[in-house]
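Fold and contact review
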Amino acid sequence: GLISRNYRPFLTALAGKVAFLSTPFAIALATMYGRIASHASSGTLRNLSRKGTRGLSAMAKNPTQRPRVYVTRKFFDEALDLIRTVADVESFDSEDDPIPRSVLLDELSRGSFDGVLPMLTESIDREVLDAAGPNLRVVSNYAVGYNNVSVGDATERGVMVTNTPDVLNDATADCAFALLMAVARRVVDGDNYVRSGEWKRAWGPRMMLGSDVSGKTLGIVGMGRIGECMVPRARGFGMRILYHNRNRLNPVREAELGVEYREWDALLSESDFVSVHVPLSPATENIISERELQKMKPTSFLINTSRGGTVDEKALAKALDEGWIAGAGLDVHIKEPTGPADGNPLLKFNNVVLAPHIGSATTETRLAMAMRAAENMVAVLKGERPRDLVNPEVWDK
C-alpha cells in the first residue's frame, strides 16, 4: 500500500518484461520492489523516479550493497562517521597535499561510487564524473563556491551538486576585515620591519604611517551573505557603507542594513576600501581590471576574499606600480598555491598583504563546513533532497 499508483504500473511492467529471465534475477527484482516499498515514505522512491533507470539499475545490481563514497582528502572524523551511517567511505590519505588528478581518476575507476566529496582543489569535470561510474548520485563540494565542479556535466548525468553556504560567512568576513585593517595600518609591513632588524629608532613622527579605517567609506562588491556580514564590522568602525550588486536590495532592506546603493563606477570612485564578495563566473571574471583600478582613489585599497579570478593580477600589479591605488589585501589568487617560483608580480609590494586562502580557516568553521558537506551527502544517499542543492533541476526531473 506504500507504493504510489504512479509507480506500481511501471514496476509491474518491468517485472513482466523480465519474467522469462532466471530465477535469481526475479528474486533480485522482488527484493528491489520490497526495498522501494519500505522506503517510499522516506522519499527514496521519489528519488529513484527522478534518477530514472540510473538509480534502479544500481539497486538491481546488488539490492543489499551499501553505497560507496570517495573523499579526496583526509577529513574530519565527525563528518566521516556521519557518512558511514549510510555508506562505505574511502579517502585519499593526505591532509595537506591535494590528490593528484591521475590518482583521483585511478581511485574512482577502481569501483563504482555513489558519492564524491571533493575539496575546491579538485576539478570535477566530465572525465572525473565518468570515472566515478554510472551509479554516481552526488558531488558534495567542501566549499561555498563550486567553480571547480562542472555543474552542467553533472546535471546531464543526473548527478546532484551541493556546496556549503552560510557556515563560513562570518569567518570569511572576519578575514576580509582583517586584511583591510592589516594593509591600511601596515601590520604585516611593521612585523617584517621588526623581524628584519630594521627597527633602529624607538619612534618617529612619520615612521610606518598608514591610513585611518574609522570613518572611511567601504564599498562592498556583491551584497550576498558574506557581503552582508561585512556591514556590522564596518559599522563598528563608524564607516559609511556603499554597495553594488547585480540586483539592488529593496529600500526596506537597505534601511535595515544602513547601506547605500551605487552604480559600479560611482562605488569605485567614492570608496576608500573596495571589498570583493562575488562568486567566480564568466560575468565576474576580471571584474576588477585596469579600467576599474583607474576609477579608484589613489588613497584607496582593494580587498579580495572571493576568488582569485575576479581580479586581474597583472592589472593590479600595474596599478600598484603606478600609484593608482594605495594597496591591496588578497586571500585568493589566480594560481593557488602561489609564490616566488611562479613569478607572481604582487610579491614585491610591501603595500600588499597576501594570505593563502584562509578565509574560512577557523577550527569551528571548517568543522561546520565538513558536517554540512556530510549532511548533504547523507541526504542524497537516503533519497532525500539535500539542503544545499546547486542544480535543483536534477531533483525536479
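Our subject is the structure listed above.
Throughout what follows, the structure given in this document is the object of discussion. (Residues numbered from 1 in each chain as written. Predicted model: local features only at pLDDT ≥ 70, side-chain atom pairs only at ≥ 80, totals over all residues. Heavy atoms only, no water.)

Right, let's talk about the overall build of the protein chain for a bit. Counting secondary structure elements, the protein chain contains 17 helices and 12 strands. Put simply, the protein chain has 397 residues, and 51% of those count as buried. Taking contacts inside the protein chain between residues at least 6 apart in sequence as the whole, the part at least 24 apart equals 63%. (Helix = DSSP H or I, 4+ residues; strand = E, 2+ residues; numbered from the N terminus. Buried < 20%, exposed > 50% of the residue type's maximum accessible area, 1.4 Å probe, protein only. Contact = heavy atoms within 4.5 Å.)

Here we come to the pairing of strand 11 (residues 327-330). Alternating residues of strand 11 divide into Gly327 and Gly329 and Ala328 and Leu330, and every residue in both groups is buried. Two elements, strand 10 (residues 301-304) and strand 11, share four bridges in a ladder whose sense is parallel. In the strand pairing of strand 11, Asn304 is matched with Leu330. In terms of strand pairing, strand 11 meets strand 12 (residues 352-354) through three bridges, oriented parallel. When the bridges of strand 12 are listed, Gly329 appears paired with Val353. (Pairing = 2+ DSSP bridges.)

The subject of this paragraph is the packing of aromatic side chains. Inspection of every chain in the model, using the stated rule, returns six aromatic pairs. Ring centres 6.0 Å apart and planes at 75° place the aromatic pair Phe75 and Phe76 in the edge-to-face group. By relative accessible area, Phe76 is classed as partly exposed at 27%. Between the aromatic rings of Tyr243 and Tyr261, the centroid separation amounts to 5.3 Å while the plane-to-plane angle is 70°, which identifies the pairing as edge-to-face. Of the two residues, Tyr243 sits in strand 7 (residues 240-244) while Tyr261 sits in strand 8 (residues 260-261), which places them 18 residues apart along the sequence. Overall, Tyr261 belongs to the buried group, its relative accessible area being 17%. In this arrangement the basic side chain of Arg68 is found over the ring face of Phe113, its NZ or CZ atom lying 4.3 Å from the centre. (Phe/Tyr/Trp six-rings, centres within 6.5 Å; stacked < 30°, edge-to-face > 60°. Lys NZ or Arg CZ within 6 Å of the ring centre and 35° of its normal.)

This part is about the pattern of salt bridges. The full count for this structure, using the stated rule, is 35 salt bridges. Close ionic contact of Asp265 with Arg291 constitutes a salt bridge, the shortest N to O distance being 2.7 Å. Of the two residues, Asp265 is situated in helix 13 (residues 264-270) and Arg291 in helix 14 (residues 290-295); the sequence distance between them amounts to 26 residues. On the basis of relative accessible area, Asp265 is assigned to the partly exposed category, the value being 28%. Owing to a relative accessible area of 40%, Arg291 belongs among the partly exposed residues under this scheme. Taken together, the salt bridges that share partners define one network made up of Arg68, Glu90, Glu107 and Arg110. (Salt bridge = Lys/Arg side-chain N within 4 Å of Asp/Glu carboxyl O.)

Here strand 1 (residues 68-71) shows a buried face lined by Arg68 and Tyr70 and a second buried face lined by Val69 and Val71. Here strand 1 pairs with strand 2 (residues 88-91) via four bridges, running parallel. Within strand 2, the position partnered with Val71 by the bridge is Ser91. You can see the chain leave strand 1, run along helix 5 (residues 77-84) and come back into strand 2, and the turn it takes is right-handed. In this structure, strand 1 lies alongside strand 3 (residues 115-117), joined through three bridges in parallel fashion. Across the sheet, residue Tyr70 finds its bridge partner in strand 3, namely Val116. (Right-handed = clockwise from strand over helix to strand, strands pointing away.)

The subject of this paragraph is the sheet that holds strand 5 (residues 160-162). Strands belonging to one sheet form pairs held by backbone hydrogen bonds; the direction of such a pair is parallel or antiparallel. Read from one edge to the other, the open sheet built from five strands follows the order 2-1-3-4-5, with strand pairing classed as parallel. What marks the edges here is a single partner per strand, and that holds for strand 2 and strand 5. The mean angle between the axes of side-by-side strands here comes to 15°, regardless of whether they run parallel or antiparallel. Examined bridge by bridge, strand 3 and strand 4 (residues 138-140) share two bridges and lie parallel to one another. The partner of Gly115 across the bridge, within strand 4, is Val138. Running at roughly 170° to strand 4, helix 16 (residues 363-381) makes contact with strand 1, strand 3, strand 4 and strand 5 of the sheet. (Axes fitted to C-alpha atoms, helices over the stretch in contact; angles between N-to-C directions.)

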